[in-house]
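Now for the letters of each chain:
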Amino acid sequence: MESKQWSCFVAIVLGVLIFKMHIFVALGDQDEDIPHNEVRNWALKFGVDLWEFGRQFTKMNEIKSRFKDNDIEVKRKDGIILLRELAAEVKNFMDFKRNAVMRLMDSAEQAALSELEGQGQAESPAGGQQHYDARRINEYNADGKLADGARHMDIRFMRRFERLPVNLSLSSILVPHGVDLDEADVKSALQWSAHLDPLFQNNLEQDPALSWQYFGSSAGFLRRFPGTAWPPEGSKGSKLIHDFRTHNWFVQAASSPKDIMILLDSSSSMSEKSFDLGMATAFNILDTLGEDDFVNLITFSEAVKTPVPCFKDRMVRATPDNIQEIKSAVKAIKLQDTANFTAGLEYAFSLLHKYNQSGAGSQCNQAIMLITESTSESHKDVIKQYNWPHMPVRIFTYLIGSDSGSRSNLHDMACSNKGFFVQINDYEEARRKVIDYALVMARPMIMYQADHPVHWSPVFVAGKSGGLGRDSEYQRRLVTTVSTPVFDRRNHSVRVANLLGVVGTDVPIEEIRKVIPQHKLGPNGYSFIVDNNGRALYHPDLRPLSDANQYIDQLKPKYASVDITELELPETEIGNNNEIIEMNKNLLNEMRGDMIKPKEGETEFTVLNHYDESKRVSTRTHRYFYGPIEDTPFTLAIVLPEKYGSHEFVSQQEIRHSRNNVTEYFKGDNWRVHPDWVYCEYNSVSDLEKERESSGEYSSRDQEPSFGSPEEQVLHFLARAGRPGWKWMSVRPKSPQPHHNMHSGSNGNAPGSSHFGSQHLNSQGSRKAEPYYCDRTLIQSLVRDAMVTDGLDRNTTGTSSGKEDKQQGYQKFVVATSFVATRSGLLRWIDHIKRPEDTPEPHFSEDNVRAMDTSWYKRAIDQHSVEPDSFVYSVPFGSGYAIKSNATLVTASHAIFVEHRGHKAPAGVVGLQFQHDSLAKHFINITSACTGMTGCKRTCASDNLDCYVLDNSGFVIISEEMEHTGKFFGQIDGTIMDSLVQDRIYKRVTVNDYQGVCSDADNPYTAAGGILKPNRLGSWFFSHLVALSATWLSLMPASLRAWPQDEYTYDNEDVVFVDNNYSDEYEFGNEYNMPVDQEMDEFFTTADVEYTTPPPVRQHKPHAGPRFTPDPQNARRCDLATDLYMLQPERLNQGGQNNPLKGKLTNCHASGCERPFSVQKIPHSNLILLVVDTLCPCGSKQLDIEPLEDSGVIGACSTRRQSQEQESRRRPRKCINYHPEEIEIQQCGRGSPLLHMSGSVIVAHLLMVTVTFVLANA
């Protein structure tokens, strides 16, 4: 027994001794530390090998020499002159669109005047077959015969029109829900508007770049040109479109800017269902507002409440974000107490008066929208005190239900205050009738019969792109709409002011960008346009929220609203220099202010640029040049990089004097041109058809005559340019004279007053005069680039066999593709490995055809100023999990700058894609050997050293663990990454994304709740039952009419509002009040109003972990932030010495051991070599680069959004809100008359009235 105890004791002692010896050995090994000299030598050899191989394989020196062998020039760009030139081009482009719309307006007014006064009645065919109903176009039965009521239309597919089949001679009629084409006013408008078809066609002939043209009738139908069936092929929508009369292009063209106060009755006298219907009415009003409008919504019972606390005592811009905030807040309101109409009206009048007197708000129309179920009086005393005699505030009243006493009072309120009364009985009426207010506000403009304001809508995502690129079919395009109102010019027996409708045309942003050629801006240069509110019309970083296909399915635009200060991100982490940080922010805000004025100017500051879906970041100093686009609400800015953007490389090949056929330089299929750039193009389809007919080419009648690819189009024009008599058409056609003084000095009744009469057949200034346009500079630069890069695939340096090259002393890397991309948009490549035919991976050319827009191109250009003789290396993110070891490709790119007379400018980028495993093998071969004469104890092959190659964003290029490839190093060892940041090797930069997309599930303002979709038949039954019951109750004796009215059932096909616990979602105390003068503040204080706000709230907790893109139906805008990393190469090149930087982690283990590491810059690259000792078992944390939503108060009440509310804006030029004779108009209301009901419902009403009469007299 004792011997066993003794042996156990000896074993324990020996174990302790062995453990201590192990620790001492480890510490002793660490005393030797990492072989820093070897680390330096490894990095040097690896970098030089890569550089020499890449330099020879890409033939960069040969390309540079070929450029220099020709006539070259490095010219200085004058930013202001370039800006003025491009702004004039954009103005000319927009003039075409505006003039087309003005011609439509003029023709529409004349057609309506002639037709409606009986001058054209006899010419119209009988029946309803004058129009093409888009729902019934080309509908055929199973036997192949045209269906009853359907009409045949010859159509063919057109790229320009969202790749849909269209007819270029006819328009088609699209109909929203609730519009009956058999109604008298609809039939009349259909009849006279048919005369617009020839003008639609003429507009397209004068400007073939026109997109959809349309006339939206106030009667409810949309005439759209060119004609096409609805729903379009591939759409999942119904045959009915969304009611366009609530869209921005219609409402904002029909009425001047406005301040709107919505008063929503939230007293207990409102039933829950009536309140839901009242909410729907308010929400539909909100949806009609635009960014030139100001709004607030208050609910009133005994007290007045502002549902959004930070909107208290304020009017806010009607931006999509603010509108959504109001909607979310109102859904949580609880019904309570009795209705204090006086308090609500006094609050609204006072707030509107404060804004009118202080110069804030729209400074144009002002209106109160009162929504209630009942009121016992017309509140004349309050209205007389605040609004009479001049009536600066219109009053619009919305009666929910059919209380006859309230109807009279609300009708009186509206009629005596230049407003309109509407009775709402169901959700369909709530959608359809809210537009009445805009038609009333349009009255002064119509009565003057002089001004037709031109409105440009915010940008939205429309249908498919019309580009020639192979991927264009899968891309949606951004669009803005230009529109103007159409007035009724008839002399009526009673005073009226009717808006016949609005005409407009879509303007694709891709067409605007065509007139701002990228090659004039150069690599990493760009342009953007902002409107009078500071919102971007387009910007390279503009990412509109997905519309969940609502445009394709319903023709309903989802407008984007992103301020330029949310797109340009000034650098805010420049050491600890707060002055520079503030200066950057101030310079951005000053530029925004100048652009809104608008004012020409220039500035310069440093911004953050993010690449690769916000996984990489860099800083770049930009020079901004900006100035107005005359006769539009827009301002153009061009942006040039400060280091290399002020010079451009000029080298062209004159085609007409070339000895050789220039198409010889474009042989084969291993080249592409940028699909979005305009080299040469025909100005119209007919011009292309004529050219093909003259050359004997056949074109299908079912398909648009077009080129199969951008390359085919370039070759076509290059062949034409070589023929005798070729002329360069390098100046775009100028638009006709502007549409000035419409009907000035005339009431417009005389046919001679028609501007259309003088412009209709005037082709002077139209695009039709010139068959094609060519960018001479671009296409001759393209030819020169093709000559320089031609033949590089012959006698390619080296092979990709992987055999040792004794002369060079390093192993060849297995190259898959080598390529060159030039300033003219040319991309050439050579495949060195045959691609498997069954591979699912796209070819290099498919993903990189827009070479100048790619990350590897942009980063290579920037890298030149860091280290001219270097490549930028990258691997796909997370590529270490590739199934095949040779599937991962490393992309290396190098920028070619050409020098001339002391100035340099970029000419292109060369590069390689080679197999990652061959790179890794070469790295292991180098780092597994000792380079010094004395030998070394440790290499990267040792178990106690980990070696990594990281790029300048902190991503792993090479690691001993293959699954690390393409992974952010902070996720592998966050402790070391933190140390690299502390040692200023990497810089941690917080990047804010103000266009983030979050799920409503994360939104504390909205509760979860499904959307109810009731049975269609049941919905129809209940909607008619409500209408029936309403009329029945109104006709019954008082004793019977006093039945409880809480049991109304409303048709709610689209949404059921869920009572959210909203009061818990806001933080109270940080109120934001607009500064006003003391006198106005005293005026605003009313003793009868009690201001109440919801109690304090919990702050929003950010969503943790990876963020997935939510379903578009449940997506919302949010502010995201992420920490990204930038290598600081100057830290590793101090004193010109490439010595390794030594680091050490201490106090990371109980044993007291330390963890040293060594960092060495790899020359001729954007890479570093990181060698880490692994003996000391330090714990490691993980760093994440996934974006997270900002914590704290989110939405409209956040500090950032509150400060944004105070940013400057420019009001539209014209405000037409008053005409002295408007008070003579008697029409000021409508309810739900029996005349508008179907025959079956009228019969039912008559039957019910009979029953009521019997009951009352029983």
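In this text the structure is predicted, and so the values were computed from the model without any measurement.

For the rest of this paragraph, the subject is the overall build of the chain. From N to C terminus, the chain includes 34 helices and 43 strands. For the chain, buried positions account for 56% of its 1258 residues. Residue pairs at least 24 apart in sequence account for 77% of intrachain contacts in the chain once pairs closer than 6 positions are excluded.

Right, let's get into the packing of aromatic side chains. According to the stated counting rule, one finds 38 aromatic pairs in the structure shown. Through pairs of rings, three or more aromatic residues link up here, namely Y682, F707, F717, W726, W728 and Y772. The ring of W212 carries R224 above its face, with NZ or CZ at 3.7 Å from the centroid.

Tallied over the entire structure, the rule returns 57 salt bridges. Notably, a salt bridge pairs D412 with K380, separated by 3.6 Å at the nearest N-O pair. Of the two residues, D412 is situated in helix α12 (residues 404-415) and K380 in helix α11 (residues 380-387); the sequence distance between them amounts to 32 residues. Relative accessible area serves as the criterion here: at 28%, D412 is assigned to the partly exposed category. A network of salt bridges, in which partner residues are shared, links E291, R535, D563, R592 and E1207.

In this structure the tally under the stated criterion is seven disulfides. The disulfide partner of C364 is C1215, and the gap between their sulfur atoms is 1.9 Å. What sets the handedness of the C364 and C1215 disulfide is the S-S torsion sign, and at about 95° it is right-handed. Here the residue C364 occupies a position in the loop between α10 (341-358) and β11 (365-372), and C1215 occupies one in the loop between α33 (1199-1205) and β43 (1229-1230), the gap between them amounting to 851 residues. According to the relative accessible area criterion, C1215 is partly exposed, its value standing at 36%. Paired by a disulfide, C680 and C774 hold their sulfur atoms 1.8 Å apart. An S-S torsion of about 120° defines the bridge between C680 and C774 as right-handed. Of this pair, C680 sits in strand β25 (residues 680-682) while C774 sits in strand β26 (residues 772-774); the two residues are 94 residues apart in sequence, bridging distant segments of the chain. In this structure, C680 and C774 share a single accessibility class: buried.

With respect to the helices and strands, the residue H1164 is situated in the loop between β40 (1155-1161) and β41 (1168-1173). Taking the C-alpha atoms as reference points, H1164 and E867, 297 residues apart in sequence, are found 6.9 Å from one another. Not counting residues up to four positions away in its chain, the partners in contact with H1164 are G47, V48, W51, E867, D869, S870, F871 and Y873. At 2.8 Å, the side chain of H1164 forms a polar contact with the backbone oxygen of D869.

Bringing the pairing of strand β21 (residues 616-628) into the picture now. As defined by bridge partners, strand β20 (residues 601-611) adjoins β21 across eleven bridges and the pair is classed as antiparallel. Bridging across to β21, L608 finds its partner in T619. Here β20 hands over to β21 after four residues, with D612 in that stretch at a positive phi of 50°. Bridge count for β21 against strand β22 (residues 635-641) is seven bridges, and the pairing is antiparallel. From the neighbouring strand, H622 faces β22, where its bridge partner is P641.

Moving on, we come to the confidence of the model for the chain. On average, residues of the chain score 81 in pLDDT, and 77% of them reach the 70 mark or higher. This model gives residues 1005-1107 a pLDDT under 50, and the stretch forms 199 contacts once residues within four places in sequence are excluded. Contacts of residues 1251-1256 to residues separated by more than four positions or lying in other chains number five contacts, the stretch itself having pLDDT below 50.

A cluster of acidic residues, D180, D182, E183 and D185, forms a negative patch at the surface. Looking at where E183 falls in the secondary structure, it is placed in the loop between β4 (172-174) and α5 (184-193).

Rules and cut-offs
Residues numbered from 1 in each chain as written. Predicted model: local features only at pLDDT ≥ 70, side-chain atom pairs only at ≥ 80, totals over all residues. Heavy atoms only, no water. Helix = DSSP H or I, 4+ residues; strand = E, 2+ residues; numbered from the N terminus. Buried < 20%, exposed > 50% of the residue type's maximum accessible area, 1.4 Å probe, protein only. Contact = heavy atoms within 4.5 Å. Phe/Tyr/Trp six-rings, centres within 6.5 Å; stacked < 30°, edge-to-face > 60°. Lys NZ or Arg CZ within 6 Å of the ring centre and 35° of its normal. Salt bridge = Lys/Arg side-chain N within 4 Å of Asp/Glu carboxyl O. Disulfide = S-S within 2.5 Å. Polar contact = N/O pair within 3.5 Å; in protein donor to acceptor, adjacent residues only side chain to side chain. Pairing = 2+ DSSP bridges. pLDDT = per-residue confidence, 0-100. Patch = residues over 30% accessible without salt bridge, like charges linked within 9 Å, V, L, I, M, F, W, Y side chains within 5 Å. Areas by Shrake-Rupley, 256 points an atom, 1.4 Å probe, with all protein chains shown as cover. Lys, Arg positive; Asp, Glu negative; His and termini not counted. Charge placed at Lys NZ, Arg CZ, Asp CG, Glu CD.

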